[in-house]
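# Structure assessment
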Amino acid sequence: MKSPELEQRQIVVIGAGPSGAIAAAILKRQGHDVLLLERQRFPRFSIGESLLSHCLDFVEEAGMLEAVQAAGFQTKHGAAFAWGDRYTSFDFRDKFTEGKGSTYQVIRADFDKLLADEAERQGVEIRYEEEIFAADFSGDCPRLSVRRLTDGHEYQVECAFVLDGSGYGRVLPRLLDLDTPSAFPVRRAVFTHIEDNIDPASGFNREMILITTHPTLRDVWFWTIPFSNGRCSLGVVCAAEHYENYPKDLDACLKQFVAETPSLSKVLGNAVWDTPAREINGYSANVKSLHGPGFALLGNAAEFLDPVFSSGVTIAMRSASMAAGLLHRQLGGETVDWENEFAIPLKRGVDTFRVYVEGWYEGSFQDVIYYEKASPEIRRMISSILAGYAWDSKNPYVSEPRRRLRVLAELCSQP
(Lines give C-alpha, C1' and ligand atoms only; values in the text may rest on other atoms or scores of the structure.)
Protein backbone atom coordinates (compact mmCIF):
# COMPACT_ATOMS: atom_id res chain seq x y z
CA MET A 1 0.00 0.00 0.00
CA LYS A 2 1.31 3.40 -0.98
CA SER A 3 2.36 5.61 1.97
CA PRO A 4 0.65 9.00 2.26
CA GLU A 5 2.67 11.90 0.94
CA LEU A 6 4.65 13.75 3.61
CA GLU A 7 4.87 17.54 3.73
CA GLN A 8 7.41 19.45 5.81
CA ARG A 9 6.31 22.71 7.46
CA GLN A 10 7.55 24.80 10.37
CA ILE A 11 4.29 25.50 12.25
CA VAL A 12 0.81 24.02 11.85
CA VAL A 13 -2.15 25.85 13.35
CA ILE A 14 -5.40 23.90 13.68
CA GLY A 15 -8.57 25.93 13.23
CA ALA A 16 -9.09 29.28 11.47
CA GLY A 17 -11.28 30.83 14.17
CA PRO A 18 -10.13 33.86 16.20
CA SER A 19 -7.37 32.09 18.17
CA GLY A 20 -5.97 30.29 15.13
CA ALA A 21 -6.10 33.31 12.83
CA ILE A 22 -4.51 35.61 15.43
CA ALA A 23 -1.73 33.15 16.32
CA ALA A 24 -0.99 32.38 12.67
CA ALA A 25 -0.83 36.06 11.70
CA ILE A 26 1.44 37.00 14.61
CA LEU A 27 3.85 34.16 13.79
CA LYS A 28 3.81 35.00 10.08
CA ARG A 29 4.60 38.63 10.91
CA GLN A 30 7.61 37.34 12.84
CA GLY A 31 8.88 35.58 9.73
CA HIS A 32 7.75 32.00 10.34
CA ASP A 33 6.31 29.47 7.91
CA VAL A 34 2.71 28.81 8.99
CA LEU A 35 0.14 26.36 7.62
CA LEU A 36 -3.42 26.75 8.94
CA LEU A 37 -5.80 23.79 8.57
CA GLU A 38 -9.56 24.32 8.97
CA ARG A 39 -12.22 21.60 8.79
CA GLN A 40 -15.06 23.87 7.69
CA ARG A 41 -15.55 26.29 4.81
CA PHE A 42 -15.80 29.95 5.82
CA PRO A 43 -18.01 31.83 6.40
CA ARG A 44 -19.63 29.51 8.91
CA PHE A 45 -21.97 30.12 11.84
CA SER A 46 -20.47 30.52 15.31
CA ILE A 47 -21.93 31.72 18.58
CA GLY A 48 -20.23 34.29 20.84
CA GLU A 49 -20.89 37.61 19.15
CA SER A 50 -20.16 40.14 21.88
CA LEU A 51 -16.44 40.92 22.03
CA LEU A 52 -14.69 42.34 25.07
CA SER A 53 -12.43 45.39 24.80
CA HIS A 54 -9.26 43.41 25.53
CA CYS A 55 -9.84 41.43 22.29
CA LEU A 56 -8.86 44.42 20.20
CA ASP A 57 -5.40 44.52 21.78
CA PHE A 58 -4.68 41.18 20.10
CA VAL A 59 -6.44 42.11 16.86
CA GLU A 60 -4.09 45.10 16.73
CA GLU A 61 -1.04 42.94 17.51
CA ALA A 62 -1.97 40.71 14.57
CA GLY A 63 -2.17 43.70 12.20
CA MET A 64 -5.94 43.37 11.72
CA LEU A 65 -7.37 46.32 13.67
CA GLU A 66 -7.79 48.63 10.70
CA ALA A 67 -9.73 45.98 8.77
CA VAL A 68 -12.00 45.28 11.76
CA GLN A 69 -12.64 48.99 12.30
CA ALA A 70 -13.60 49.40 8.63
CA ALA A 71 -15.98 46.42 8.56
CA GLY A 72 -19.07 48.21 9.86
CA PHE A 73 -19.62 46.11 12.98
CA GLN A 74 -21.80 47.40 15.81
CA THR A 75 -19.76 49.52 18.24
CA LYS A 76 -19.92 48.26 21.83
CA HIS A 77 -19.07 50.43 24.81
CA GLY A 78 -20.08 48.16 27.66
CA ALA A 79 -22.61 45.85 29.28
CA ALA A 80 -26.08 46.52 30.69
CA PHE A 81 -27.86 44.32 33.23
CA ALA A 82 -31.59 44.09 33.93
CA TRP A 83 -33.52 42.22 36.61
CA GLY A 84 -37.15 43.08 37.16
CA ASP A 85 -37.27 46.86 37.62
CA ARG A 86 -33.53 47.08 38.24
CA TYR A 87 -31.21 48.27 35.50
CA THR A 88 -27.51 49.11 35.60
CA SER A 89 -24.71 49.41 33.11
CA PHE A 90 -20.92 49.39 32.97
CA ASP A 91 -19.13 51.56 30.42
CA PHE A 92 -15.85 49.87 29.48
CA ARG A 93 -14.32 53.26 28.70
CA ASP A 94 -14.60 54.05 32.43
CA LYS A 95 -12.47 51.32 34.00
CA PHE A 96 -9.56 50.75 36.37
CA THR A 97 -7.18 49.12 33.87
CA GLU A 98 -5.51 51.01 31.03
CA GLY A 99 -6.33 49.68 27.58
CA LYS A 100 -9.02 49.78 24.98
CA GLY A 101 -12.52 50.72 26.09
CA SER A 102 -14.77 50.35 23.07
CA THR A 103 -15.09 47.15 21.08
CA TYR A 104 -17.63 45.51 18.72
CA GLN A 105 -20.62 43.22 18.57
CA VAL A 106 -20.19 41.03 15.53
CA ILE A 107 -21.89 38.42 13.45
CA ARG A 108 -19.25 35.78 13.99
CA ALA A 109 -19.52 34.28 10.51
CA ASP A 110 -18.43 37.64 9.09
CA PHE A 111 -15.92 38.47 11.83
CA ASP A 112 -14.15 35.12 11.77
CA LYS A 113 -13.90 35.17 7.98
CA LEU A 114 -12.46 38.69 8.11
CA LEU A 115 -9.73 37.60 10.56
CA ALA A 116 -8.92 34.52 8.50
CA ASP A 117 -8.83 36.57 5.29
CA GLU A 118 -6.51 39.08 6.97
CA ALA A 119 -4.18 36.27 8.09
CA GLU A 120 -4.19 34.95 4.52
CA ARG A 121 -3.50 38.44 3.16
CA GLN A 122 -0.43 38.59 5.38
CA GLY A 123 0.89 35.37 3.87
CA VAL A 124 -0.56 32.58 6.02
CA GLU A 125 -1.52 29.55 3.93
CA ILE A 126 -5.03 28.39 4.88
CA ARG A 127 -6.50 25.11 3.68
CA TYR A 128 -10.23 24.84 4.25
CA GLU A 129 -12.27 21.64 4.43
CA GLU A 130 -9.34 19.59 5.67
CA GLU A 131 -9.58 17.54 8.87
CA ILE A 132 -6.88 16.07 11.07
CA PHE A 133 -7.75 12.47 11.91
CA ALA A 134 -4.53 11.35 13.65
CA ALA A 135 -1.67 12.99 15.51
CA ASP A 136 1.69 11.49 16.47
CA PHE A 137 3.90 13.37 18.92
CA SER A 138 6.13 10.44 19.83
CA GLY A 139 8.96 11.24 17.40
CA ASP A 140 11.38 14.12 17.08
CA CYS A 141 8.78 16.16 15.18
CA PRO A 142 4.98 16.22 15.45
CA ARG A 143 3.22 14.44 12.58
CA LEU A 144 -0.40 15.09 11.64
CA SER A 145 -2.53 12.93 9.32
CA VAL A 146 -4.84 15.10 7.22
CA ARG A 147 -7.86 14.25 5.07
CA ARG A 148 -9.17 16.59 2.39
CA LEU A 149 -12.94 16.47 2.73
CA THR A 150 -13.69 17.45 -0.86
CA ASP A 151 -12.13 14.31 -2.38
CA GLY A 152 -10.91 12.14 0.52
CA HIS A 153 -7.23 12.63 -0.35
CA GLU A 154 -4.96 11.92 2.64
CA TYR A 155 -1.49 13.19 3.44
CA GLN A 156 0.77 13.84 6.42
CA VAL A 157 2.40 17.01 7.68
CA GLU A 158 5.53 17.03 9.80
CA CYS A 159 6.41 20.25 11.62
CA ALA A 160 8.30 21.75 14.52
CA PHE A 161 5.21 22.71 16.54
CA VAL A 162 1.40 22.55 16.50
CA LEU A 163 -0.99 25.14 17.93
CA ASP A 164 -4.55 23.85 18.35
CA GLY A 165 -7.14 26.60 17.95
CA SER A 166 -9.93 24.23 16.90
CA GLY A 167 -12.44 25.54 19.44
CA TYR A 168 -15.34 23.21 20.19
CA GLY A 169 -13.81 20.76 17.69
CA ARG A 170 -11.09 20.10 20.32
CA VAL A 171 -8.91 18.21 17.85
CA LEU A 172 -5.80 17.46 19.94
CA PRO A 173 -7.68 16.94 23.22
CA ARG A 174 -9.69 14.22 21.47
CA LEU A 175 -6.80 12.63 19.59
CA LEU A 176 -4.37 12.74 22.53
CA ASP A 177 -6.88 11.88 25.27
CA LEU A 178 -6.42 15.21 27.04
CA ASP A 179 -10.07 15.88 27.87
CA THR A 180 -11.12 15.99 31.51
CA PRO A 181 -14.56 16.83 32.93
CA SER A 182 -15.37 20.45 33.69
CA ALA A 183 -16.25 21.26 37.29
CA PHE A 184 -19.14 23.43 36.09
CA PRO A 185 -22.72 22.09 36.20
CA VAL A 186 -24.20 21.04 32.86
CA ARG A 187 -25.96 24.04 31.36
CA ARG A 188 -27.82 24.48 28.11
CA ALA A 189 -28.11 27.51 25.86
CA VAL A 190 -31.00 28.02 23.42
CA PHE A 191 -30.51 30.90 21.02
CA THR A 192 -31.43 32.50 17.72
CA HIS A 193 -30.97 35.61 15.58
CA ILE A 194 -34.00 37.92 15.16
CA GLU A 195 -34.96 41.09 13.34
CA ASP A 196 -35.31 43.05 16.56
CA ASN A 197 -37.24 46.22 15.52
CA ILE A 198 -36.40 47.74 18.90
CA ASP A 199 -37.93 51.17 19.35
CA PRO A 200 -35.12 53.75 19.80
CA ALA A 201 -37.36 55.53 22.33
CA SER A 202 -37.40 52.45 24.56
CA GLY A 203 -34.07 53.38 26.15
CA PHE A 204 -32.38 50.25 24.81
CA ASN A 205 -28.71 50.96 24.14
CA ARG A 206 -27.47 49.24 20.98
CA GLU A 207 -23.89 50.02 22.02
CA MET A 208 -24.07 47.56 24.92
CA ILE A 209 -24.84 43.90 25.37
CA LEU A 210 -27.95 43.47 27.52
CA ILE A 211 -27.82 40.67 30.10
CA THR A 212 -31.21 40.02 31.68
CA THR A 213 -31.84 37.95 34.80
CA HIS A 214 -35.07 35.92 34.85
CA PRO A 215 -37.55 37.52 37.32
CA THR A 216 -37.78 34.48 39.64
CA LEU A 217 -35.07 32.01 38.54
CA ARG A 218 -31.84 33.89 39.32
CA ASP A 219 -29.64 31.24 37.69
CA VAL A 220 -31.47 31.76 34.38
CA TRP A 221 -30.28 34.63 32.21
CA PHE A 222 -30.63 36.01 28.68
CA TRP A 223 -28.24 37.68 26.28
CA THR A 224 -29.44 40.31 23.82
CA ILE A 225 -26.65 41.38 21.45
CA PRO A 226 -27.62 44.01 18.84
CA PHE A 227 -25.86 44.06 15.48
CA SER A 228 -25.39 47.00 13.14
CA ASN A 229 -27.93 45.62 10.62
CA GLY A 230 -31.03 45.88 12.83
CA ARG A 231 -30.81 42.30 14.00
CA CYS A 232 -29.66 40.81 17.26
CA SER A 233 -28.55 37.57 18.83
CA LEU A 234 -30.86 36.37 21.59
CA GLY A 235 -30.31 33.44 23.91
CA VAL A 236 -31.27 31.95 27.25
CA VAL A 237 -28.91 29.95 29.49
CA CYS A 238 -29.79 27.78 32.46
CA ALA A 239 -29.18 24.43 34.12
CA ALA A 240 -30.34 21.52 32.02
CA GLU A 241 -33.07 20.47 34.48
CA HIS A 242 -34.92 23.80 34.14
CA TYR A 243 -35.86 22.92 30.58
CA GLU A 244 -38.04 20.02 31.74
CA ASN A 245 -40.86 22.52 32.37
CA TYR A 246 -40.61 24.15 28.93
CA PRO A 247 -41.60 23.08 25.40
CA LYS A 248 -39.26 20.68 23.64
CA ASP A 249 -39.55 22.81 20.48
CA LEU A 250 -36.61 25.22 20.73
CA ASP A 251 -38.42 28.25 19.30
CA ALA A 252 -41.40 27.77 21.62
CA CYS A 253 -39.03 27.18 24.53
CA LEU A 254 -37.11 30.42 23.99
CA LYS A 255 -40.28 32.42 23.42
CA GLN A 256 -41.78 31.12 26.67
CA PHE A 257 -38.69 32.11 28.66
CA VAL A 258 -38.84 35.61 27.14
CA ALA A 259 -42.59 35.90 27.80
CA GLU A 260 -41.92 35.21 31.50
CA THR A 261 -39.50 38.17 31.63
CA PRO A 262 -41.49 41.42 31.23
CA SER A 263 -38.55 43.81 30.83
CA LEU A 264 -37.11 41.75 27.97
CA SER A 265 -40.42 40.91 26.29
CA LYS A 266 -41.16 44.66 26.23
CA VAL A 267 -37.83 45.41 24.51
CA LEU A 268 -38.50 42.66 21.94
CA GLY A 269 -42.22 43.41 21.49
CA ASN A 270 -41.88 44.14 17.76
CA ALA A 271 -39.29 41.47 16.95
CA VAL A 272 -39.62 39.18 13.95
CA TRP A 273 -38.56 35.64 14.89
CA ASP A 274 -37.34 34.54 11.48
CA THR A 275 -34.49 32.11 12.25
CA PRO A 276 -34.91 28.63 13.78
CA ALA A 277 -33.46 28.44 17.28
CA ARG A 278 -30.39 26.33 18.03
CA GLU A 279 -28.92 24.87 21.20
CA ILE A 280 -25.60 24.03 22.83
CA ASN A 281 -25.53 21.51 25.66
CA GLY A 282 -22.83 20.88 28.25
CA TYR A 283 -20.43 23.30 26.58
CA SER A 284 -18.05 23.76 29.53
CA ALA A 285 -14.80 21.90 28.94
CA ASN A 286 -11.37 21.35 30.44
CA VAL A 287 -8.13 19.48 29.73
CA LYS A 288 -5.40 17.67 31.66
CA SER A 289 -2.71 19.98 30.26
CA LEU A 290 -2.56 23.08 28.06
CA HIS A 291 0.66 21.95 26.39
CA GLY A 292 2.96 19.04 25.71
CA PRO A 293 6.10 18.25 23.69
CA GLY A 294 5.48 19.89 20.33
CA PHE A 295 2.04 21.41 20.96
CA ALA A 296 -0.03 23.97 22.86
CA LEU A 297 -3.79 24.41 23.13
CA LEU A 298 -5.51 27.74 22.48
CA GLY A 299 -8.87 29.09 23.64
CA ASN A 300 -11.85 26.78 23.64
CA ALA A 301 -9.74 23.86 22.48
CA ALA A 302 -8.33 23.93 26.01
CA GLU A 303 -11.05 25.26 28.29
CA PHE A 304 -14.42 26.97 28.00
CA LEU A 305 -16.16 28.37 31.07
CA ASP A 306 -19.54 29.87 30.27
CA PRO A 307 -20.98 32.50 27.91
CA VAL A 308 -22.26 34.84 30.64
CA PHE A 309 -19.50 37.47 30.43
CA SER A 310 -18.44 36.78 26.82
CA SER A 311 -14.96 35.77 27.97
CA GLY A 312 -14.43 32.99 25.41
CA VAL A 313 -13.00 34.98 22.49
CA THR A 314 -10.84 37.07 24.85
CA ILE A 315 -9.31 33.96 26.44
CA ALA A 316 -8.81 32.50 22.95
CA MET A 317 -7.01 35.57 21.62
CA ARG A 318 -4.96 36.05 24.79
CA SER A 319 -3.77 32.43 24.60
CA ALA A 320 -2.95 32.88 20.91
CA SER A 321 -0.82 35.95 21.59
CA MET A 322 1.00 34.31 24.50
CA ALA A 323 1.67 31.07 22.62
CA ALA A 324 2.87 32.86 19.48
CA GLY A 325 5.35 34.93 21.50
CA LEU A 326 6.74 31.88 23.30
CA LEU A 327 6.93 29.81 20.13
CA HIS A 328 8.82 32.59 18.36
CA ARG A 329 11.40 32.53 21.14
CA GLN A 330 11.59 28.74 21.15
CA LEU A 331 12.12 28.53 17.39
CA GLY A 332 14.84 31.13 17.80
CA GLY A 333 16.76 28.76 20.06
CA GLU A 334 15.63 29.90 23.49
CA THR A 335 14.46 27.51 26.17
CA VAL A 336 10.79 28.10 26.95
CA ASP A 337 8.99 26.89 30.08
CA TRP A 338 5.48 26.38 28.73
CA GLU A 339 4.01 25.59 32.14
CA ASN A 340 5.32 28.69 33.93
CA GLU A 341 5.24 31.07 30.97
CA PHE A 342 2.00 29.94 29.30
CA ALA A 343 -0.27 27.62 31.28
CA ILE A 344 -0.01 29.17 34.74
CA PRO A 345 -0.28 32.85 33.71
CA LEU A 346 -3.11 32.10 31.26
CA LYS A 347 -5.02 30.21 33.94
CA ARG A 348 -4.74 33.17 36.32
CA GLY A 349 -7.07 35.20 34.13
CA VAL A 350 -9.29 32.22 33.36
CA ASP A 351 -9.62 31.54 37.09
CA THR A 352 -10.52 35.18 37.70
CA PHE A 353 -13.35 34.88 35.19
CA ARG A 354 -14.30 31.57 36.83
CA VAL A 355 -14.83 33.23 40.24
CA TYR A 356 -17.23 35.79 38.78
CA VAL A 357 -19.05 33.21 36.64
CA GLU A 358 -19.58 31.03 39.72
CA GLY A 359 -20.62 34.11 41.68
CA TRP A 360 -23.13 35.03 38.99
CA TYR A 361 -24.93 31.69 39.15
CA GLU A 362 -24.99 31.43 42.93
CA GLY A 363 -26.14 35.03 43.21
CA SER A 364 -23.32 36.86 45.01
CA PHE A 365 -22.00 38.62 41.90
CA GLN A 366 -25.53 39.50 40.87
CA ASP A 367 -25.95 41.17 44.27
CA VAL A 368 -22.86 43.24 43.42
CA ILE A 369 -23.95 44.04 39.86
CA TYR A 370 -27.42 45.21 40.88
CA TYR A 371 -26.34 47.07 44.03
CA GLU A 372 -27.53 50.66 43.70
CA LYS A 373 -25.04 52.39 46.05
CA ALA A 374 -21.79 51.00 44.68
CA SER A 375 -18.55 52.94 45.04
CA PRO A 376 -17.51 54.46 41.67
CA GLU A 377 -13.95 53.16 42.15
CA ILE A 378 -15.11 49.60 42.81
CA ARG A 379 -17.41 49.82 39.78
CA ARG A 380 -14.39 50.82 37.69
CA MET A 381 -12.50 47.74 38.94
CA ILE A 382 -15.45 45.48 38.09
CA SER A 383 -15.78 47.23 34.72
CA SER A 384 -12.17 46.28 33.92
CA ILE A 385 -12.93 42.60 34.46
CA LEU A 386 -16.12 42.80 32.38
CA ALA A 387 -14.04 44.47 29.65
CA GLY A 388 -11.73 41.45 29.61
CA TYR A 389 -8.78 42.71 31.65
CA ALA A 390 -8.82 39.70 33.99
CA TRP A 391 -5.01 39.44 34.02
CA ASP A 392 -4.37 42.88 35.58
CA SER A 393 -2.92 41.95 38.98
CA LYS A 394 -2.96 45.62 40.02
CA ASN A 395 -6.75 45.32 40.20
CA PRO A 396 -7.63 44.01 43.69
CA TYR A 397 -10.65 42.18 42.23
CA VAL A 398 -8.24 40.29 39.95
CA SER A 399 -5.45 39.64 42.45
CA GLU A 400 -7.83 38.38 45.14
CA PRO A 401 -11.08 37.68 43.30
CA ARG A 402 -12.68 35.14 45.61
CA ARG A 403 -12.06 36.98 48.89
CA ARG A 404 -12.86 40.41 47.45
CA LEU A 405 -16.10 39.21 45.85
CA ARG A 406 -17.21 37.49 49.07
CA VAL A 407 -16.65 40.64 51.16
CA LEU A 408 -18.24 42.90 48.55
CA ALA A 409 -21.27 40.65 48.16
CA GLU A 410 -21.81 40.65 51.91
CA LEU A 411 -21.78 44.44 51.95
CA CYS A 412 -24.16 44.65 48.99
CA SER A 413 -26.64 42.19 50.49
CA GLN A 414 -27.04 44.15 53.71
CA PRO A 415 -30.24 46.21 54.03
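Residues numbered from 1 in each chain as written. Predicted model: local features only at pLDDT ≥ 70, side-chain atom pairs only at ≥ 80, totals over all residues. Heavy atoms only, no water.

If you look the chain up in an unreviewed UniProt entry, it shows as Dehydrogenase (Flavoprotein) from Ectopseudomonas chengduensis.

## Focus on the layout of surface pockets
Considering only enclosed or pocket space, the second largest pocket measures out at about 330 Å³ in volume. Looking at the second largest pocket, it is lined by 14 residues, and the ones nearest its centre are Ser202, Gly203, Phe204, Ser263 and Val267. Elements with a minimum of two residues in the lining of the second largest pocket: β15 (208-213) and α7 (262-267). Of the residues assigned to the lining of the second largest pocket, the class counts are six nonpolar, six polar and two charged. (1 Å grid on protein atoms, 1.4 Å probe; cavity = no way out; pocket = protein on both sides within 12 Å on 5 of 7 lines; lining within 4 Å. Points joined across faces, edges and corners; volume = space filled by probe spheres on them. Helix = DSSP H or I, 4+ residues; strand = E, 2+ residues; numbered from the N terminus. Nonpolar A, V, L, I, M, F, W, Y, C, P; charged D, E, K, R; others polar.)

## Observations regarding the sheet that holds strand β11 (residues 154-158)
Strands pair in a sheet through their backbones, by hydrogen bonds, and they do so in one of two ways: parallel or antiparallel. Spatially, β1-β11-β10-β9 is the arrangement adopted by the four strands of the open sheet, whose pairing is mixed. The open sheet has two edge strands with one neighbour each: β1 (5-8) and β9 (130-136). Ignoring which end each strand starts from, the neighbouring axes of this sheet average 30° apart. Pairing between β9 and strand β10 (residues 143-148): six bridges, direction antiparallel. Note on β10: the bridge partner recorded for Glu130 is Arg148. (Pairing = 2+ DSSP bridges. Axes fitted to C-alpha atoms, helices over the stretch in contact; angles between N-to-C directions.)

## Thoughts on the environment of Arg278
Counting through the fold element by element, Arg278 comes out in strand β18 (residues 278-281). The exposure class assigned to Arg278 is partly exposed, which follows from its relative accessible area of 41%. Considering only alpha carbons, one finds Arg278 and Asp110, 168 residues apart in sequence, at a separation of 19 Å. Setting aside residues no more than four positions away along its own chain, Arg278 makes contact with Phe45, Ala189, Val190, Phe191 and Leu250. (Buried < 20%, exposed > 50% of the residue type's maximum accessible area, 1.4 Å probe, protein only. Contact = heavy atoms within 4.5 Å.)

## Focus on the sheet that holds strand β17 (residues 231-239)
The seven strands lie next to each other as β6-β5-β15-β16-β17-β14-β18, forming an open sheet whose pairing is mixed. Looking at which strands have only one partner, the edges of the open sheet turn out to be β6 (86-91) and β18. Across the sheet, the axes of successive neighbouring strands diverge by a mean angle of 20°, strand direction being ignored. Note that strand β14 (residues 187-195) and β17 share nine bridges and pair antiparallel. By the bridge assignment, Glu195 is partnered in β17 with Arg231.

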